[in-house]
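Examination of the molecular architecture
Here is how the chains run, residue by residue.
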Amino acid sequence: MHNRAYLIALLCAAPINAWGNSCLEALQPRITQWNHNANAIYAPQASNKAMALYGAAMIAHERAMDEDVTIACRQANEALDLAENTAEYFQHSYPELFKLRQSRQQLDIYTNELPPQDRDTLAQMDQQAEKLLPKLVYALESGQLNEAPAMVQQLKKIYQVAIGLTIPVITNKAGQYLASARGANADAFAPQTYNQAKQALITLEKYNFGQTHILPEYPDQALILAQRAMEIGQKVRGWRREPGSHEMLWLNNLDLRFDLANRLGIASNAHGIKNDTPNDDLIAAVEQLKTEIVTLKNDHAHAIEALNASHRQELADQLETQQQQLQTLKNQQITELKEALKHKFDREIESVNIQAKTQFDEAQAKALAEKAQVEATAKALEEKYQRDTFEQRRQNKLKGLFTEDEVEIFINLDSSILIRLKALAFAPGRTKIEDNQAPFFKRLADGLNIYSNRNVQIEGHTDSDGEIRDNQQLSLKRAEAVQKYLIQMGVEATRLKALGYGEVKPIASNEFEKGKAMNRRIDIIIEKYQ
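First things first, this report covers the structure right here in the doc. (Residues numbered from 1 in each chain as written. Predicted model: local features only at pLDDT ≥ 70, side-chain atom pairs only at ≥ 80, totals over all residues. Heavy atoms only, no water.)

Attention shifts here to the overall build of the chain. Along the chain, the regular secondary structure elements total 16 helices and five strands. Looking at the chain as a whole, 33% of its 530 residues qualify as buried. Counting only contacts in the chain whose residues sit at least 6 apart along the sequence, the fraction spanning at least 24 positions is 68%. As displayed, the chain has an accessible area near 32,900 Å², and 53% of this comes from carbon and sulfur atoms. (Helix = DSSP H or I, 4+ residues; strand = E, 2+ residues; numbered from the N terminus. Buried < 20%, exposed > 50% of the residue type's maximum accessible area, 1.4 Å probe, protein only. Contact = heavy atoms within 4.5 Å. Areas by Shrake-Rupley, 256 points an atom, 1.4 Å probe, with all protein chains shown as cover.)

This part takes up unusual backbone geometry. Even without glycine at this site, Ala64 takes up a positive phi of about 60°. In this fold, Ala64 is placed in the loop between α3 (44–62) and α4 (66–93). With relative accessibility at 60%, the residue Ala64 sits in the exposed group. Even without a glycine there, the phi angle at Asn185 is positive, about 65°. With respect to the element layout, Asn185 can be found in the loop between α7 (148–183) and α8 (186–189).

Glancing now at helix α15 (residues 468–488). The terminal C-alpha atoms of α15, which comprises 21 residues, lie 30 Å apart, in line with the 30 Å expected from a rise of 1.5 Å per residue. Taken as a whole, α15 has its buried residues at Asn471, Leu474, Ser475, Arg478, Ala479, Ala481, Val482, Gln483, Tyr485 and Leu486. Tucked inside the fold, the buried residues of α15 contact α14 (438–450), β3 (456–461), β4 (496–502) and β5 (521–526). Within two residues after α15, Gly490 carries a phi angle of roughly 110°, on the positive side. (Expected span 1.5 Å × (residues − 1).)

This part is about the nonpolar core. One broad rule of soluble globular proteins: the nonpolar side chains tend to lie buried together. Core analysis: the largest hydrophobic core is formed by 68 residues, its most contacted members being Phe90, Leu97, Leu136 and Leu155. Counting only elements with at least two residues in this core, the list comes to α2 (22–35), α3, α4, α5 (95–106), α6 (116–141), α7, α9 (191–208) and α10 (221–241). Examining the composition of this core, we find that 15 residues originate from one element, α7, more than from any other. Filtering out sequence-adjacent residues up to four positions away, Leu155 remains in contact with Leu97, Ala129, Leu132, Leu133 and Leu136. Of all hydrophobic cores here, the second largest spans 29 residues; its members include Ile419, Phe440, Ile458 and Ala479. (Core = buried A, V, L, I, M, F, W, Y, C linked by side-chain atoms within 4.5 Å.)

Turning to empty space enclosed by the protein, a few remarks are in order. Counted by the stated rule, this structure contains one cavity of 30 Å³ or more. Its boundaries defined by the atoms lining it, the largest cavity holds a volume of some 40 Å³. What lines the largest cavity is simply Tyr42, Thr86, Tyr89, Phe90, Val137, Leu140 and Glu141. Those elements giving two or more residues to the lining of the largest cavity turn out to be α4 and α6. Residue composition of the lining of the largest cavity, grouped by class: five nonpolar, one polar and one charged. (1 Å grid on protein atoms, 1.4 Å probe; cavity = no way out; pocket = protein on both sides within 12 Å on 5 of 7 lines; lining within 4 Å. Points joined across faces, edges and corners; volume = space filled by probe spheres on them. Nonpolar A, V, L, I, M, F, W, Y, C, P; charged D, E, K, R; others polar.)

The next thing to look at is the side chain of Thr193. With respect to the secondary-structure elements, Thr193 resides in helix α9. If near-sequence neighbours (up to four positions away) are discounted, Thr193 is found in contact with Leu225, Arg228, Ala229 and Ile232.

Our focus in this paragraph is the sheet that holds β3. Strand order across the open sheet formed by five strands is β1-β2-β5-β3-β4, with mixed pairing between neighbours. Taken across any chain shown, the strands that pair with only one partner, and hence form the sheet edges, are β1 (407–411) and β4. Strand-to-strand twist in this sheet, taken as the mean axis angle between neighbours without regard to direction, amounts to 20°. Sheet analysis places β3 next to β5, joined by six bridges and oriented antiparallel. The residue of β5 that forms the bridge with Ile458 is Ile524. (Pairing = 2+ DSSP bridges. Axes fitted to C-alpha atoms, helices over the stretch in contact; angles between N-to-C directions.)

So this is what it looks like as structure tokens:
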């Protein structure tokens with residue numbers, strides 16, 4: 001930790017104009033901002049990696065190694081992206097825990113007002129939480145998801161008990177503020193705020209006196225509202241003594257409403273005077289704007305669907321034309337083959353008649369054998385043509401389900417088929433498939449069911465960032481997530497097998513981001529016919 005703190009101080013103190021490198025100049029404020037971000041604690045590994053790469057970039061710059069500077073800057077930015085995404089994932093995955101931690105931090109200002117025994121207990125619980133939280137973050141960042149739930153529950157319990165210790169102090173202070181608010185006539189001058197504070201105080205007192213065990217979502221709400229009601233009461237009493245203050249409030253409100261109406265295109269300024277706009281007109285203008293946005297979205301979606309329908313019809317017409325051409329070619333080839341066989345057979349019969357009687361039986365047997373062989377060959381050719389045509393139709397039907405941006409399809413020589421899912425992308429470190437992927441997976445399931453007599457392998461792959469074992473586990477979980485989704489979409493479970501190869505089967509160089517993006521993929525293999 002001391003080395004990291006020293007590195008942060010060194011980097012933040014370095015003069016930008018001394019670097020002379022655009023990527024370093026762009027990276028420096030981002031590093032500084034992230035180091036001061038409270039959410040950085042939720043992604044320590046990615047944050048440390050970004051700092052190390054930033055230091056490497058500065059060293060490379062000092063040695064005039066421009067190419068290494070560029071590579072290190074790019075990798076540092078990627079590490080920062082990962083850190084931000086990891087912190088956001090933590091907050092979205094455990095919102096209740098995140099809110100409890102925020103509440104505990106906000107209520108820390110009341111710690112000194114607690115009795116000494118409660119202060120000691122609170123300090124011990126804070127220490128437990130500060131030791132347990134990094135362990136939880138490390139487990140999540142390292143992909144050890146099985147260990148996280150127990151730690152989350154333990155942390156939530158610690159924060160709930162710690163917040164509960166401060167409830168008596170908050171209840172007492174909120175009661176004092178509410179009494180002061182009542183003395184300032186807040187019940188008359190600010191009845192809404194006053195009543196909200198009163199109700200929040202009742203909720204707080206029920207918890208404080210053990211009438212309920214449900215911790216209030218915002219423990220200090222009653223205190224804040226009571227203080228606000230007191231301030232409003234005092235302010236209104238002052239306004240009542242100052243002539244013109246009420247007019248100024250009305251005029252300020254008019255300016256705000258006029259500016260809003262002007263932005264919505266419904267403001268009027270007759271005779272050089274700003275006219276007020278009724279609330280109903282403002283709401284109607286906002287609703288109209290929302291309706292226009294929805295209409296534009298729907299029109300855009302309809303236009304895309306029309307283009308897709310036109311493209312599908314065009315592909316169907318092309319397929320029909322190709323099938324007709326293939327059928328015509330097949331009929332022509334069969335006719336020519338039959339004609340050739342007939343001529344050959346006739347010539348051989350004529351030759352047999354010319355030969356001596358002693359060779360007649362042998363020649364006739366030979367001709368008949370050759371005829372049988374030729375007919376068998378013709379039949380085999382026709383059967384092969386039928387198989388090839390059927391397979392071509394299946395392949396065309398499979399390809400017609402997707403656009404080039406969604407998948408890449410490769411037909412192998414052994415008749416197996418590789419489907420590379422370009423449209424599927426997982427969030428860093430995650431295995432969840434978003435609900436908006438359902439239409440794509442429905443078409444993918446339909447494509448696999450075209451080959452219902454073949455087994456299917458689902459292969460997960462990653463780039464080389466991170467540990468090999470972690471990458472293999474992540475790729476397997478992603479392949480299994482795809483497997484479960486396909487089963488839900490109607491693919492027979494016994495046909496599917498999920499495999500995780502991690503980083504061992506790259507299709508591009510991991511030295512560059514584009515290559516890493518290509519290596520992070522899901523491949524589906526329709527096995528050859530057994």
